[in-house]
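For reference, the chains in residue letters:
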Amino acid sequence: MKIRTIVSSLLLTGMLLNAIGAMALGAGGVVIVPKTVVFNKAKFDAAVNQNRLGAKNALDGYAAVIIKDGNVVSEVAGGSAIRSGGGLSQVDMSTSTPTDIGSNFKLISFISLLSIFQKRTAINRALTVEVQLNQPILGYLPKSWRAFVVAPPKGNQAEVQAIKRIGNVTFAQLMSHTSGFRNLSFGNLTPSPFNYIDAGIQSENIGKRVYANFNATILTYLWPKLTDSVKAALIDQQIMNQKSLNNNHE
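Along each chain, numbering runs from 1 in the same order as the chain's sequence is written. Residue-level local features of this predicted model are given only where pLDDT is at least 70; pairs of side-chain atoms are given and counted only at 80 or more, and the full residue set underlies all totals for whole chains, interfaces and linings. Here the side-chain values reflect all heavy atoms present in the structure, with hydrogen atoms and water set aside.

Novice: I'm lost on the packing of aromatic side chains in this one. Help?
Specialist: For any pair of aromatic rings, the description consists of the separation of the ring centres together with the inter-plane angle of the planes. Only Phe, Tyr and Trp rings take part, Trp by its six-membered ring, and two of them pair if their centres are within 6.5 Å. Stacked means planes under 30 degrees apart, edge-to-face means over 60, and tilted covers everything else. Tallying each qualifying case throughout the model produces seven aromatic pairs. Ring centres of Trp-145 and Phe-194 lie 6.4 Å apart, and the angle between their planes is 40°; this geometry places the pair in the tilted category. Here the residue Trp-145 occupies a position in helix H5 (residues 143-150), and Phe-194 occupies one in helix H8 (residues 193-199), the gap between them amounting to 49 residues. On the basis of an interplanar angle of 50° and a centroid distance of 4.9 Å, the ring pair of Trp-145 and Tyr-221 is categorised as tilted. Of this pair, Trp-145 sits in helix H5 while Tyr-221 is found in helix H10 (residues 219-227), placing the two residues 76 residues apart along the sequence. Throughout this description, buried means an accessible area under 20% of the type-specific maximum (1.4 Å probe, protein chains only), exposed means over 50%, and partly exposed covers the range between. Judged by its relative accessible area of 5%, Trp-145 is buried. Classification of Tyr-221 as buried rests on a relative accessible area of 3%. Each residue in the set Trp-145, Phe-148, Phe-194 and Tyr-221 is aromatic and connected to the rest through ring pairs, giving one cluster. Numbering of helices and strands starts at the N terminus; helices are DSSP runs of H or I of at least 4 residues and strands are runs of E of at least 2.

In structure tokens form, the structure reads like this:
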């Protein structure tokens, strides 16, 4: 049978090393920690091998790759991708074993967001990464969602306030899973992105770190306002026409 395997997509670390420099910029663009991060291959390999099974031997297989400047700096793998049994043969885990990227895509999304912020800072030095991280997402929501959040067409005041709280959510809160969004469940049905907007945020959940898919899913609808006005207009039109958009980060 297939078993739990974790592919720690540390090929992203090369991107992360650049993003750390962006995160290190304080107000006014002052560097508060060194921008250059030195990679130690020996320590990385030892850490992965030492911690691969976790405190409770929870992992059956692992793989990690770090790429910097287009070159593989380090790669390690071990354990099983498939355990023998149920008519299946044993398959060892390697860095080339096909696996579902799953929620590693959230990491890609958040690092990409930092990269976008860093590029915008290069154009406008006053718009530091820190400033952008702490911006409310309201102005970047699709047009109809933004109008819904500003003036919810609800009669119940508790529901109205829950929806309005979305307007105060920041990019930093999305990245740290402290926005207040919670995973929704509709039985066998997959919630649509708008279901999360319609459900709103309860005040007691704000600031509490709870892992929720929508913190990354919503970036699908925020990015265009940051990078591509034509795509933003297209998404606005698709939502107004009630066309379904994929939850790319679920």
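Novice: Just checking my understanding: could you explain the pattern of salt bridges for this structure?
Specialist: Where charged atoms from two side chains of opposite charge approach closely, those side chains can pair. Any carboxyl oxygen of Asp or Glu that lies within 4 Å of a side-chain nitrogen of Lys or Arg is treated as forming a salt bridge with it. Under the definition given, this model contains two salt bridges. Two residues, Asp-198 and Lys-154, come together in a salt bridge whose shortest N-O distance is 2.9 Å. Residue Asp-198 is found in helix H8, and its partner Lys-154 is found in the loop between H5 and helix H6 (157-164); the two are separated by 44 residues along the sequence. With relative accessibility at 29%, the residue Asp-198 sits in the partly exposed group.

Novice: Would you take a moment to explain the pairing of strand S3 (residues 71-82) for this structure?
Specialist: Two strands pair if DSSP finds at least two bridges between them. Of the pairings in the sheet, the one linking strand S2 (residues 61-68) to S3 comprises eight bridges and is antiparallel in character. Residue Lys-68 lies in a different strand from S3, and its bridge partner there is Asn-71. In textbook terms, the turn of a hairpin is the stretch between consecutive antiparallel strands, and for S2 and S3 this stretch comprises two residues, one of which, Asp-69, has a positive phi near 55°. Here S3 pairs with strand S4 (residues 91-92) via two bridges, running antiparallel. The partner of Ile-82 across the bridge, within S4, is Val-91.

Novice: Is there a simple way to think about H5 in this case?
Specialist: What sets the pattern is the α-helix's 3.6 residues per turn: residues three or four places apart point alike. For H5, the set of buried residues is Trp-145, Phe-148 and Val-149. Projected down its long axis, H5 carries its buried residues within an arc of 95°, all on one side. Contacts are residue-level and defined by heavy atoms, with any inter-residue pair within 4.5 Å sufficient. In this structure, the buried residues of H5 make contact with H6, H8, H10 and helix H11 (229-240). By arc we mean the arc of the directions from the helix axis to the C-beta atoms, nothing more.

Novice: What is the right way to read the nonpolar core from this model?
Specialist: Side chains of nonpolar character tend, in soluble globular proteins, to be buried together. Working definition of a nonpolar core: buried Ala, Val, Leu, Ile, Met, Phe, Trp, Tyr and Cys residues. They are joined through side-chain atoms within 4.5 Å. With 32 residues, the main nonpolar core has Ile-137, Ile-218 and Leu-222 as its most contacted residues. Those elements that place two or more of their residues in this core are helix H3 (104-123), helix H4 (129-133), H5, helix H7 (171-175), H8, helix H9 (214-217), H10 and H11. Residue contacts for Ile-218: discarding those within four places in its chain leaves Ile-137, Leu-141, Leu-174, Phe-181 and Ile-197.

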